[in-house]
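The lines below spell out each chain.
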Amino acid sequence: MPEEVLFKSEQRMSREQIASYLQTVVDKLNAGDAVTLQAGGDSVTLDPPSQPTFEVKAEREGPTNGPKELSIEFELEWPEDGDDGGELGIE
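This is a predicted model, so every value here is computed, not measured. (Residues numbered from 1 in each chain as written. Predicted model: local features only at pLDDT ≥ 70, side-chain atom pairs only at ≥ 80, totals over all residues. Heavy atoms only, no water.)

Participant: Tell me about the overall build of the protein, and please be specific about residues and values.
Facilitator: On a plain count of helices and strands, the protein comes out with one helix and four strands. Starting at the N terminus, the α and β elements of the protein follow one another as α-β-β-β-β. Of all 91 residues assigned to the protein, the portion counted as buried reaches 4%. In the protein, 29% of the contacts between residues at least 6 apart in sequence involve partners at least 24 apart. Split by element, the accessible area of the protein, about 8700 Å² in all, is 48% carbon and sulfur. (Helix = DSSP H or I, 4+ residues; strand = E, 2+ residues; numbered from the N terminus. Buried < 20%, exposed > 50% of the residue type's maximum accessible area, 1.4 Å probe, protein only. Contact = heavy atoms within 4.5 Å. Areas by Shrake-Rupley, 256 points an atom, 1.4 Å probe, with all protein chains shown as cover.)

The following block contains the structure:
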């Protein structure tokens, strides 16, 4: 499935600044509110359902014989049409 990037922002920040941004997302999720991402003139508002799929990934990236970069990624996923496909069943 092709990926369409709706919003992207990348900048160096202190741990405290990152924690503050993440805490804002936590507060929005706890309240059941939509999350609006903004940077410059770009913004997107997304409203995660009550039970999205939560993915956590730690990666090491880089060329085979070159410097590596480590990352932690947190991702919420849900169907855009709101249909989660139902529960898995076997007949």
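Participant: Pulling in residues and values, what's your account of the pattern of salt bridges?
Facilitator: Working definition: two side chains of opposite charge can pair if their charged atoms are close together. Inspection of the entire model under this criterion finds two salt bridges. Between Lys57 and Glu55 there is a salt bridge, with its nearest N and O atoms 3.6 Å apart. Across the pair Glu59 and Lys57 runs a salt bridge, and its minimum N-O distance is 3.7 Å. Classification of Glu59 as partly exposed rests on a relative accessible area of 21%. By relative accessible area, Lys57 is classed as partly exposed at 30%. Beyond isolated ion pairs, a larger network of salt bridges with shared partners links Glu55, Lys57 and Glu59. (Salt bridge = Lys/Arg side-chain N within 4 Å of Asp/Glu carboxyl O.)

Participant: Could you give me a rundown of the pairing of strand β1 (residues 35-39), with the residues and numbers involved?
Facilitator: When β1 meets strand β2 (residues 42-46), the two strands line up antiparallel, connected through five bridges. Bridge assignment links Thr36 to a residue of β2, and that residue is Thr45. (Pairing = 2+ DSSP bridges.)

Participant: Tell me about the layout of surface pockets, residues and numbers included.
Facilitator: Of the pockets and cavities examined, the largest pocket occupies roughly 3100 Å³. Forming the walls of the largest pocket are 42 residues, and the residues nearest its centre are Phe7, Lys8, Leu37, Phe74 and Glu75. Broken down by secondary-structure element, the contributors of at least two residues to the lining of the largest pocket are α1 (15-31), β1, β2 and β4 (69-77). At nine residues, β4 tops the list of elements feeding residues into the lining of the largest pocket. Residue composition of the lining of the largest pocket, grouped by class: 25 nonpolar, six polar and eleven charged. (1 Å grid on protein atoms, 1.4 Å probe; cavity = no way out; pocket = protein on both sides within 12 Å on 5 of 7 lines; lining within 4 Å. Points joined across faces, edges and corners; volume = space filled by probe spheres on them. Nonpolar A, V, L, I, M, F, W, Y, C, P; charged D, E, K, R; others polar.)

Participant: Quick rundown of the side chain of Ser71? Include the residues and the values.
Facilitator: Note on placement: Ser71 falls in strand β4. Among the residues examined, Ser71 registers a relative accessible area of 19% and is labelled buried. Leave out the neighbours within four places in its chain, and Ser71 touches Lys57, Ala58, Glu59 and Glu61.

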